[in-house]
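Descriptive structure summary
Here's the letter readout for the chains.
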Amino acid sequence: MAAQTGAEKGTKRLSNYFKGVRAELKKVSWPSRKELINYTIVVLVICTIISLAVWLIDSGLHQILKFIIG
């Protein structure tokens, strides 16, 4: 039996890694197109709300500092 070289071992490890990744991806429960669209809309709405809240707080603090500094 011939000994494997370092390159052959590395190739085999890489191949095994991707086989494992592929096997795990088959186990994933992927969302349907409708669910994906709904989740995307929820994320965009929440990001918009949080952005507006941060903007309002920033504007308020800016006005307070402007009043204090003069």
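As a starting point, this report considers the structure included with it. A quick note: this is a predicted structure, and the numbers were derived from the prediction, not measured. (Residues numbered from 1 in each chain as written. Predicted model: local features only at pLDDT ≥ 70, side-chain atom pairs only at ≥ 80, totals over all residues. Heavy atoms only, no water.)

1. Here we look at the overall build of the protein chain
Under the convention used in this document: A run of H or I in DSSP counts as a helix once it spans at least four residues, and a run of E counts as a strand once it spans at least two, with each numbered from the N terminus. With C-alpha atoms as the basis for the radius of gyration, the globule rule is written as 2.2 Å multiplied by the number of residues raised to the power 0.38. Exposed residues in this analysis have more than 50% of their type's maximum accessible area, buried residues have under 20%, and partly exposed residues fall in between, with area computed by a 1.4 Å probe over protein chains only. All accessible areas in this document rest on Shrake-Rupley with a 1.4 Å probe, and a residue is counted as covered only by the protein chains that are shown.
When helices and strands are tallied, the protein chain shows two helices and zero strands. Against the 2.2 N^0.38 benchmark of 11 Å for 70 residues, the protein chain shows a C-alpha radius of gyration of 27 Å, more extended than a compact globule. Dimensions of the protein chain, computed from C-alpha atoms along their principal axes, come out at roughly 85 × 40 × 10 Å. Scored against the burial criterion, the 70 residues of the protein chain give a buried share of 0%. Summing over all exposed atoms, the protein chain offers an accessible surface of approximately 6900 Å²; the carbon and sulfur share of this is 70%.

2. Section: helix H2 (residues 33-69)
Here is the rule we go by: Take the residue count of a helix, subtract one, and multiply by 1.5 Å to get its expected span.
The end-to-end C-alpha distance of H2, which contains 37 residues, comes to 53 Å, matching closely the 54 Å that a straight helix rising 1.5 Å per residue would cover. Just beyond H2, the residue with positive phi is glycine 70, at close to 110°.

3. Some words on the packing of aromatic side chains
Defined as follows: The criterion for an aromatic pair is that two Phe, Tyr or Trp rings (for Trp, the six-membered ring) have centres within 6.5 Å, with stacked assigned to planes under 30 degrees apart, edge-to-face to planes over 60 apart and tilted to the rest.
Enumeration according to the criterion identifies one aromatic pair in this entry. A centroid spacing of 5.2 Å and a plane angle of 75° characterise the contact between tyrosine 17 and phenylalanine 18, whose relative ring orientation is edge-to-face. Side by side, tyrosine 17 and phenylalanine 18 carry an identical accessibility label, which is exposed.

4. Section: the pattern of salt bridges
How we decide: What makes a salt bridge here is a side-chain nitrogen of Lys or Arg within 4 Å of a carboxyl oxygen of Asp or Glu, nothing more.
Tallied over the full model, the rule gives one salt bridge. Ionic pairing is found between glutamate 24 and lysine 27, a salt bridge with its closest N-O pair at 3.2 Å. With glutamate 24 and lysine 27 both in helix H1 (residues 6-27), this residue pair falls three residues apart, about one helical turn. For glutamate 24, a relative accessible area of 47% corresponds to the partly exposed category.

5. Observations concerning the environment of threonine 11
One can find threonine 11 in helix H1. The spacing of threonine 11 and glutamate 35 is 24 residues in sequence and 39 Å in space, taken between C-alpha atoms.

6. Things to note about a nonpolar patch on the surface
Let me state the cut-off plainly: Each patch is built from residues that are more than 30% exposed by relative accessible area and take part in no salt bridge. Like charges join if they lie within 9 Å; nonpolar side chains (Val, Leu, Ile, Met, Phe, Trp, Tyr) join within 5 Å.
Together, Ile57, Leu61, Ile64, Leu65, Phe67, Ile68 and Ile69 make up an exposed nonpolar region whose accessible area comes to about 830 Å². Mapping isoleucine 69 onto the fold places it in helix H2. When its relative accessible area of 72% is taken as the criterion, isoleucine 69 is described as exposed.

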